[in-house]
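A structural walkthrough
Residues per chain are reported as follows:
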Amino acid sequence: MEKQVMCSLTRVGNVLCGASIFIRRCIFRVLRVGPIPNHIAFIMDGNRRWDKKQKPLHAGTTHDAGTTHDAGFWALLVMMLYCYELGVKYVTAYAFSIDNFKRKPEEVQALMDSMLRNFDLLKMVVELFAVRVHFGGNLGLLSDELRVLAMELMKVTAGYSNLGLTICVAYTSRDEIVHAIEECCEQKCVREIDDNDRVIKLIDLERNMYMAVTPDPEIIIQTGGENRLSNFLLWQSGGSHLCTVLALWPEIGLWNLVLAILNFQKHKPYFEMKKKEKQV
Ligand SMILES: CC(C)=CCC/C(C)=C/CC/C(C)=C/COP(=O)(O)OP(=O)(O)O
């Protein structure tokens, strides 16, 4: 009897799962009638608030505070796969700001541990979907272990072209700009070039940004109800559509993405006009 109930439940589960995939594909097909953004960036705010919200649910159990960011990591994988399915070519996620190093040491450690713990899963998923991974930021600030893993993953996935995933770690925009200027100065001064070439041009700076591997994002989605760029992609976001989502990052779902894209599609003609004005 128990076996029969289990079998029926599994069948119902499979049907529901199949139905949700079908519905998602239909929604994406409708969305594709309009322009699909080439690059979506996420500011993943609200992980700690989400964890606090879970605490009463876990009262009396052995809920591990070190796992705060695991749910956030899984939400990132789900968003990346939705974007992949939709045909978005680049996804960027703000995983760790240089300012976050000022948090309590145990908090910083918990976040780093979460990244290390989830690295194998990340590697498996990006290899399965042929996703090229780039870590953008001052990687010298990371632990040796995390830096080596990050470099290896970039090397292993360098040839993939289905989607470009940039994970910003030890990143702030100001640091990125300073880094680009320093690199330009070094390249211009060290090399023996004639005086005309010594001038730093826009293209030189952009070539030396951590984000040089991606085009500028068309949409920046920030969760947790925040309305600030948090020192993220300040150079690249001049023409981006900003979208604030009330959901905390681990709660972000399909509808948040769909609404952000619909909003982008509604405003796209205005952005296009502004872009053309700049080019003239
Ligand atoms: C392997 C890999 C790429 C993992 C990524 C893990 C992940 C989701 C990192 C986000 C970290 C972070 C500082 C989020 C901001 O929320 P917050 O902590 O500031 O929370 P709050 O807004 O509630 O204060």
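Look a little higher up for the structure.
Before going into details, it helps to say that this report is about the structure given with it. Computed from a predicted model, the values in this text were never measured in an experiment.

**A few points about the sheet that holds strand β2 (residues 90-94)**
Across the sheet, which stays open at both edges, the six strands sit in the order β3-β4-β2-β1-β5-β6 with parallel pairing between neighbours. In this open sheet, the two strands that pair with only one neighbour each are β3 (131-136) and β6 (241-244). Direction aside, the axes of adjacent strands within the sheet are offset by 20° on average. Inspection of the sheet shows strand β5 (residues 219-222) paired to β6 by four bridges, in the parallel sense. When the sheet's bridge partners are listed, isoleucine 219 is paired in β6 with histidine 241. Along the sheet, helix α3 (residues 70-86) contacts β1 (39-43), β2, β3 and β4 (163-168); its crossing angle with β4, the most-contacted strand, is approximately 150°. Contacting β3 and β4, helix α4 (residues 105-128) runs over the sheet at an angle of about 140° to β3.

**What about the packing of aromatic side chains?**
A full pass over the atoms with the stated rule returns nine aromatic pairs. Centre to centre, the rings of tyrosine 84 and phenylalanine 129 are 5.2 Å apart; their planes meet at 80°, and the pair counts as edge-to-face. Of the two residues, tyrosine 84 sits in helix α3 while phenylalanine 129 sits in the loop between α4 and β3, which places them 45 residues apart along the sequence. With relative accessibility at 28%, the residue tyrosine 84 sits in the partly exposed group. Measuring from ring centre to ring centre gives 6.0 Å for phenylalanine 119 and phenylalanine 135, while their planes differ by 15°; the resulting arrangement is stacked. Here phenylalanine 119, found in helix α4, pairs with phenylalanine 135, found in strand β3; they are 16 residues apart in sequence, far enough to count as distant. Residue phenylalanine 119 shares its accessibility class with phenylalanine 135, and that shared class is buried. Pairwise contacts between aromatic rings join Tyr94, Tyr171, Tyr210 and Phe232 into one cluster.

**Concerning the nonpolar core**
If you look at the biggest cluster of nonpolar residues, it comprises 54 residues, and the most contacted ones within it are Ile40, Phe42, Leu122, Phe135, Leu165, Ile221 and Leu257. It is α3 that contributes the most residues to this core, nine residues altogether. Beyond its immediate stretch of four places on either side in the chain, leucine 122 contacts Phe73, Leu77, Phe135, Leu153, Leu165 and Ile167.

**Quick look at the site of the ligand**
In the neighbourhood of the ligand, 15 residues make up the surrounding shell, with Gly46, Arg48, Arg49, Ala95 and Arg103 lying closest. Interatomic distance of 3.5 Å between a backbone N/O atom of methionine 44 and an oxygen atom of the ligand. In this structure, an oxygen atom belonging to the ligand sits 3.2 Å away from a main-chain N or O atom of asparagine 47. The biggest single contributor to the shell around the ligand is helix α2 (residues 47-54), with three residues. Broken down by class, the residue content of the shell around the ligand amounts to six nonpolar, five polar and four charged.

**Brief notes about a nonpolar patch on the surface**
Together, Trp74, Leu121 and Met124 line one region of the surface with nonpolar side chains, adding up to about 320 Å² of accessible area. Classification of tryptophan 74 by relative accessible area gives partly exposed; the value is 46%.

**Points about the packing of α3 against α4**
Running from N to C, α3 and α4 point in directions that differ by 20°, and their axes come no closer than 10 Å. One element, α3, and the other, α4, form an angle in the roughly parallel class. The element α3 and its partner α4 pack so that their crossing is right-handed. Contact residues: α3 offers Asp70, Phe73, Trp74, Leu77, Met80 and Leu81, while α4 offers Ser114, Arg117, Asn118, Leu121, Leu122, Val125 and Val126. Residue composition of the contact of α3 with α4, by class: nine nonpolar, two polar and two charged.

**Description of the packing of α4 against helix α5 (residues 144-157)**
At a minimum axis separation of 11 Å, α4 and α5 run at an interaxial angle of 10°. Put simply, α4 runs roughly parallel to α5. Every residue of α5 that contacts α4 at Met112, Met115, Leu116, Phe119, Leu122, Lys123, Val126 and Glu127 is listed here: Glu145, Leu146, Leu149, Ala150, Leu153, Val156 and Thr157. Taken together, the residues of the contact of α4 with α5 break down into 11 nonpolar, one polar and three charged.

Definitions and cut-offs
Once a new chain begins, its residue numbering starts again from 1 and follows that chain's sequence as written. pLDDT decides what is reported in this predicted model: residues at 70 or higher carry local features, side-chain atom pairs at 80 or more are listed and counted, and totals for whole chains, interfaces and linings draw on all residues regardless. In computing side-chain properties, one takes all heavy atoms of the structure into account and sets aside hydrogens as well as water. Pairing between two strands is assigned when DSSP locates at least 2 bridges connecting them. Labels follow the DSSP assignment, with helices taken as runs of H or I lasting at least four residues and strands as runs of E lasting at least two, numbered in each case from the N terminus. Between the N-to-C directions of two axes lies an angle of 0 to 180 degrees, each axis being a line fitted to C-alpha atoms and, for a helix, fitted only over the stretch in contact. Residues are treated as being in contact if the distance between any of their heavy atoms lies within 4.5 Å. The pairing test for Phe, Tyr and Trp rings, Trp by its six-membered ring, is centres within 6.5 Å, and the orientation test on the planes gives stacked under 30 degrees, edge-to-face over 60, and tilted for anything in between. Buried means the residue's accessible area, taken with a 1.4 Å probe over protein chains only, is under 20% of the maximum for its type, while exposed means over 50%, and partly exposed covers the values in between. Nine residue types can take part in a nonpolar core, namely buried Ala, Val, Leu, Ile, Met, Phe, Trp, Tyr and Cys, and a core is a set of them joined through side-chain atoms within 4.5 Å. Proximity is defined per residue: if any heavy atom of the residue lies within 4 Å of a molecule or strand, that residue is considered near it. Here a polar contact is taken to be a pair of N or O atoms separated by no more than 3.5 Å, where protein atoms must pair a possible hydrogen donor with a possible acceptor and residues adjacent in sequence count only if both atoms sit in side chains. Lys, Arg, Asp and Glu make up the charged group, whereas Ala, Val, Leu, Ile, Met, Phe, Trp, Tyr, Cys and Pro make up the nonpolar group; the residues left over, Gly among them, are polar. A residue counts toward a patch only above 30% relative accessible area and without a salt bridge, and it is joined to like-charged neighbours within 9 Å or, for Val, Leu, Ile, Met, Phe, Trp and Tyr, to nonpolar neighbours within 5 Å. Per-residue and other accessible areas follow the Shrake-Rupley method at a 1.4 Å probe size, with only the shown protein chains counted as cover for residues. Take a side-chain nitrogen of Lys or Arg and a carboxyl oxygen of Asp or Glu: if they are within 4 Å of each other, that pair is a salt bridge. Note on angle classes: values under 35 degrees are labelled roughly parallel, values over 145 roughly antiparallel, values of 65 to 115 roughly perpendicular, and the remainder oblique. Take the far helix as your reference; a near helix turned counterclockwise from it by less than a right angle gives a left-handed crossing, and one turned clockwise gives a right-handed crossing.

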